[in-house]
Amino acid sequence: MIERIWFGRSWLYILLLPLSALYGLISGLRRLGYKLGLIRSWKAPVPVVVVGNLTAGGNGKTPVVIWLVEQLQRTGYQVGVVSRGYGGKAEHYPLLVTGEVTTAQAGDEPVLIHRRTGAPVVVAPKRADAIKALLMHFPVDIIITDDGLQHYALQRDYEIVVIDGIRRFGNGCWLPAGPMRELAGRLNTVNTIIANGGTPETGELPMTLKGELAINLLTGESRQVSDIPNGVAMAGIGHPPRFFATLQQLGAVLQETHAFADHQSYDKTQLSALTDDGQNLLMTEKDAVKCFEFAQPNWWYLPVSAHFPEEKEQKMLDEICALLPKLNMRR
C-alpha cells in the first residue's frame, strides 16, 4: 500500500499531508540549526564522504560505497567505512565489524561491505562515535559513510546522492505522504548525483548494477544464472522487482518470486519452505550475508557491482582524491 501511495497510484497520500508538513518543518529547522551553528556538529580530522539518498528505501547506495572503497584502495589509500547499522542491535557501540560479527548485531549492509572490501567498518548510532573508534585503531586516510546524508551532526567534505533512475522521487512529498527525506531541491547542494538505472537527467552520473555469476552459499561454486534450473527468486531489499528483473535479464527462468521487507531477518525453515524438490533459491548478496550459517545446497546469491561511464567516474574520483594528501607526501 505504501508503495502505491508514494509513487502516485493512490490518492490516500492527501490524508497524510499534514504529517508530511510537520516532518518537513522539523527537519528543515534542524538543518538550519546546524547551518547557523546553533546545534553543534563534529568535524573529523580526515575527509568524510557521505553516500546517501533523498528517499526512504533502497536506491543502490551500498554498491556505490563498495565501488568507491575499492577504487580508493587501488589508488593506495587506507579507507574506513562507518554506518548506523540499520536493522542490527549490538550490546555495545561503537561496534567494529569482524568476521565473527553477525548481521543481527551490525545490520546486513555493514557486514556485506566488510566482506566484499576487507575495509574496516564501524557501526554506531552516532557516526562521530564510529569515526573516532575507527581512527583510534586504524591508520585511515578517508572515511566513507554508508547513508547519513541527513545526519548533520557529522560534517562532511563530499556528498554523493544515489537516486532510483526509474522511480525517482515518486509523488515528491515528504514522509509519510511521500518517500522524501528531503525535497529534490537538496540536489543543488551536493557534489555528485548518481542515477541508478533509467534515463539520467542533465548533470546526473548514470550507473548500472551488473552481476554475472551466481555463487552457491554452501559450496562457493560459481555458475551462470542461466545455467541454474527451476529458479525461485527472493529479495529483502528496498525494491525487490529490480533484482527479479536483473535475474531475468541474465537468462533466469523464474518459477516464483518472493518479496520481503528491507533488512528482514530469516531462518532456515522460512527459506527452505520457498522451494520444492529440484528448485533452486536465488537471492541477493545482501540477503545471503544473513543466511550463510544455515545455507542449503540449492541456495545461490548474485553479487552485483556498480558500473559507470569511465570518463564520468574519473571526474568524481579526481574530486574526492583532491581532498587527500598525495601518497608520496603522506608517506
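Residue numbers here run from 1 along each chain, matching the order of that chain's written sequence. Local features in this predicted model are restricted to residues whose pLDDT is 70 or higher, and side-chain atom pairs enter the listing and the counts only when it is 80 or higher, whereas totals over whole chains, interfaces and linings include all residues. Remark: hydrogens and water are excluded; side-chain values derive from all non-hydrogen atoms of the structure.

- If you check an unreviewed UniProt entry, the protein appears there as Tetraacyldisaccharide 4'-kinase from Xenorhabdus bovienii str. kraussei Quebec.
- UniProt positions are given in the numbering used here, feature names are shortened, and annotations may be inferred rather than shown by experiment. Of the comments in the UniProt record for the protein, the one headed Sequence similarities (unreviewed entry) reads "Belongs to the LpxK family."

1. A closer look at the pairing of strand 11 (residues 231-235)
- The cut-offs for exposure are 20% and 50% of the maximum accessible area for each residue type, with area from a 1.4 Å probe on protein chains only; residues under the lower value are buried, those over the upper are exposed, and the others partly exposed. For the purposes of this entry, the term helix denotes a DSSP run of H or I that reaches at least four residues, the term strand denotes a run of E that reaches at least two, and both are numbered from the N terminus. For strand 11, the buried fraction is high: five of the five residues fall into the buried class.
- Residues Gly231, Ala233 and Ala235 of strand 11 are buried on one face, and the alternating residues Val232 and Met234, pointing to the opposite face, are buried as well.
- Paired strands, as defined in this entry, are two strands with at least two bridges between them according to DSSP. In terms of strand pairing, strand 11 meets strand 12 (residues 254-259) through five bridges, oriented parallel. Its bridge partner being in strand 12, Val232 is matched across the sheet by Glu256.
- Whether a crossover is right-handed depends on one test, that the path from the first strand over the helix to the second runs clockwise when the strands point away from the viewer. At this point the chain moves from strand 11, through helix 7 (residues 240-249), to the parallel strand 12, and the crossover so formed is right-handed.
- As paired elements, strand 11 and strand 13 (residues 280-284) share three bridges and run parallel to each other. Each residue of the ladder has a partner; that of Ala233, found in strand 13, is Leu282.

2. Some remarks on the nonpolar core
- Working definition of a nonpolar core: buried Ala, Val, Leu, Ile, Met, Phe, Trp, Tyr and Cys residues. They are joined through side-chain atoms within 4.5 Å. Counting residues in each nonpolar core, the largest one holds 38 residues, and the members touching the most others are Leu68, Ile144, Ile160, Ile194 and Ile320.
- Ranked by residue count, the leading element in this core is helix 3 (residues 61-75), at seven residues.
- If we skip the residues at most four places from it in the chain, Ile144 touches Val49, Val51, Val65, Leu68, Val69, Leu72, Val79, Gly80, Val81 and Val82.
- If you look at the next biggest cluster of nonpolar residues, it comprises 24 residues, including Val50, Val161, Ile163 and Ala195. The contact rule is simple, with two residues in contact once any of their heavy atoms fall within 4.5 Å.

3. As for the packing of helix 3 against helix 5 (residues 108-117)
- Axis lines are fitted through C-alpha atoms, for helices just across the contact stretch, and the angle between N-to-C directions can take any value from 0 to 180 degrees. Running from N to C, helix 3 and helix 5 cross one another at 30°; their axes reach a closest spacing of 10 Å. One way to sum up the angle between helix 3 and helix 5 is to call them roughly parallel. As for how helix 3 packs across helix 5, the hand of that crossing is right-handed. Every residue of helix 5 that contacts helix 3 at Thr62, Val65, Ile66, Val69, Glu70 and Gln73 is listed here: Glu109, Leu112, Ile113, Arg116 and Thr117.
- Classifying every residue of the contact of helix 3 with helix 5 by side-chain character gives five nonpolar, three polar and three charged. Orientation is classified from the angle alone, with under 35 degrees giving roughly parallel, over 145 giving roughly antiparallel, 65 to 115 giving roughly perpendicular, and any other angle giving oblique. By the definition used in this description, the sense in which the near helix is turned from the far one sets the handedness, with an anticlockwise turn below a right angle giving left-handed and a clockwise turn giving right-handed. We call Asp, Glu, Lys and Arg charged. Ala, Val, Leu, Ile, Met, Phe, Trp, Tyr, Cys and Pro are nonpolar, and the rest, Gly among them, are polar.

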